[in-house]
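# Overview (structure and organization)
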Amino acid sequence: AALVVYGVLQTALTALWANQPVLRSWSSTTAAVLTLINAFVFCLISYLEHSRSRTPSTILIVYLLISTICDIVRVRSVWLVAPDSPLARLFTASVVFKFLVLVLEAGEKAQYLPVQTAERRPEETSSIINRGVFYWLNRLMFRGSRHVIFPNELYELKLGMTADQLGDVYLRHWRRACKTGKHAALRSMIQTLRWPLLAPIFPRVCLLALTICKPILLQELLTYLSAPSDTTSKNIGYGLIGAHALVYIGSAVATGFYWYKQYQFLTMVRGCLVPAIGWRTTNLNVQAVGDPKAGVTLMSTDVERITEGLRPLHDFWASILQLGIALYLLQ
């Protein structure tokens, strides 16, 4: 119902954009028509996401959040160009209603699931905003501050991350890789965990871009502060404040998402190696092995060493890329 009302507002807004003599242009009219089409696409995506997914729609939440922030700036511009006009009032109402749709879309569905499922796996019902600030961990942190937490009180892993699910898939790839050449363990690991391996790349690239923006913003801020007051504008100062807020808040969120995806990958690596080592150990000839207990060391110390070695995997290529960008800027 909220999306239908939002579509009606966008329909009226498109008509006003086309008839506004001051702000009418090819780009503004096209943008209004595309926004109207988006309103109908939202209805379809929202229905599919809410009927087939336990988590709120990530696509809608991300789009609505970014577009709402951008539209707030546009509202100010519209009121400056066409003050107290029907277009300015209706555009403001559409932005307010878009924010309402964002709040409704971010609502979680734990209350519609069985109590045991929602309690044991709150991560599966959390929205991207909830996961971005790790709000779903607050209940566990509060419980841990009051008394000792036992293993059976911890949240269960997401589906697809357990050793029972990963071990068989990894062993199947490993048997096939052993017949084709060397580095069977590495190649089978990449085949099994290709998407978890690629998942941290996007938040790491965002973090890299925001890190590069920090010294540029600092230089712009120093230039603005050192300029005479009669040659500068307050709007530039407000823009610098907003840019710093976006960069530092974005850096915190990107860092959280990066390590969230990175530790998911490391957990799944452990979930692949431990059952594979256990299966291999139980199928070895005890008389042909010098130390039958070596498999226990592989399951504990060596697997931990492998995961710790993979922890800075994405930081390594990001550091090389950052060094290359720094050398390019210095030239």
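Anyway, here's the lowdown on the structure attached to this text.

The rules behind these values
Residues numbered from 1 in each chain as written. Predicted model: local features only at pLDDT ≥ 70, side-chain atom pairs only at ≥ 80, totals over all residues. Heavy atoms only, no water. Helix = DSSP H or I, 4+ residues; strand = E, 2+ residues; numbered from the N terminus. Salt bridge = Lys/Arg side-chain N within 4 Å of Asp/Glu carboxyl O. Buried < 20%, exposed > 50% of the residue type's maximum accessible area, 1.4 Å probe, protein only. Patch = residues over 30% accessible without salt bridge, like charges linked within 9 Å, V, L, I, M, F, W, Y side chains within 5 Å. Areas by Shrake-Rupley, 256 points an atom, 1.4 Å probe, with all protein chains shown as cover. Phe/Tyr/Trp six-rings, centres within 6.5 Å; stacked < 30°, edge-to-face > 60°. Lys NZ or Arg CZ within 6 Å of the ring centre and 35° of its normal. Axes fitted to C-alpha atoms, helices over the stretch in contact; angles between N-to-C directions. Parallel < 35°, antiparallel > 145°, perpendicular 65-115°, else oblique. Left-handed = near helix turned anticlockwise from the far one by under 90°. Contact = heavy atoms within 4.5 Å. Expected span 1.5 Å × (residues − 1). Core = buried A, V, L, I, M, F, W, Y, C linked by side-chain atoms within 4.5 Å. Disulfide = S-S within 2.5 Å.

Before going further, it helps to spend a moment on unusual backbone geometry. In this structure, F134 takes a positive phi of about 55 degrees despite not being glycine. Position of F134 relative to the elements: it lies in the loop between α6 (128–132) and α7 (138–146). One non-glycine residue with positive phi stands out, namely H183, at about 55 degrees.

The full count for this structure, using the stated rule, is eight salt bridges. A salt bridge links R204 to D315; its shortest N-O distance comes to 2.9 Å. One end of the pair, R204, is in helix α11 (residues 201–226); the other, D315, is in helix α14 (residues 313–330), and 111 residues separate them in sequence. The closest approach of N and O atoms between D302 and R305, which form a salt bridge, is 3.9 Å. On the criterion of helical spacing, the pair formed by D302 and R305 is a turn pair, its members being three residues apart in helix α13 (residues 294–310). A relative accessible area of 22% places D302 in the partly exposed class. On the basis of relative accessibility, which here comes to 57%, the residue R305 falls in the exposed class.

A contiguous nonpolar patch, built from V62, L65, I66, I69, I129 and L246 and spanning about 490 Å² of accessible area, is present on the exposed surface. Residue contributions to the nonpolar patch peak at four residues, all from helix α3 (residues 58–81). Position of L246 among the secondary structure elements: in helix α12 (residues 234–282). The class of L246 is exposed, set by a relative accessible area of 54%.

Tallied over the full model, the rule gives seven aromatic pairs. Pairing F42 with Y63 gives two aromatic rings, centres 5.5 Å apart and planes at 65 degrees, and the pair type is edge-to-face. Highlighted residues: F42 in helix α2 (residues 26–52) and Y63 in helix α3, separated in sequence by 21 residues. We classify F42 as buried; its relative accessible area is 6%. Of the residues examined, Y63 reaches a relative accessible area of 36% and is grouped as partly exposed. One aromatic cluster is present, built from ring pairs that chain together Y6, F42 and Y63. One residue, R175, lies across the ring of W279, its end atom 4.8 Å from the ring centre.

Here we come to the packing of α3 against helix α4 (residues 86–105). Where α3 contacts α4, the axes come no closer than 9 Å and their chain directions differ by 160 degrees. It follows from the interaxial angle that α3 and α4 lie roughly antiparallel. Once α3 is placed against α4, the crossing between them reads as left-handed. Mapping the contact onto sequence places L60, I61, L64, L65, S67, T68, D71, I72, R74, V75, V78 and W79 in α3 and A88, R89, F91, T92, V95, K98, F99, V101, L102 and E105 in α4.

The next subject is α11. For α11, built from 26 residues, the straight-helix expectation of 38 Å at 1.5 Å per residue is met to within 8% by its first-to-last C-alpha distance of 38 Å. Contacts from the buried residues of α11 go to α12 and α14.

Soluble globular proteins tend to bury their nonpolar side chains together. Formed by 15 residues in total, the largest nonpolar core has its most connected members in Y170, M189, L193, V269, C272 and L273. Listing elements by their share of this core, those giving two or more residues are α8 (163–178) and α12. Here the element with the most residues in this core is α12; it accounts for eight residues.

Glancing now at the state of the cysteines. Under the counting rule described, the total for this entry stands at zero disulfides. C213 takes part in no disulfide bond, and the closest cysteine sulfur to it belongs to C206, at a distance of 11 Å. Cysteine C272 shares no disulfide, and the gap to the nearest cysteine sulfur, in C178, comes to 15 Å.

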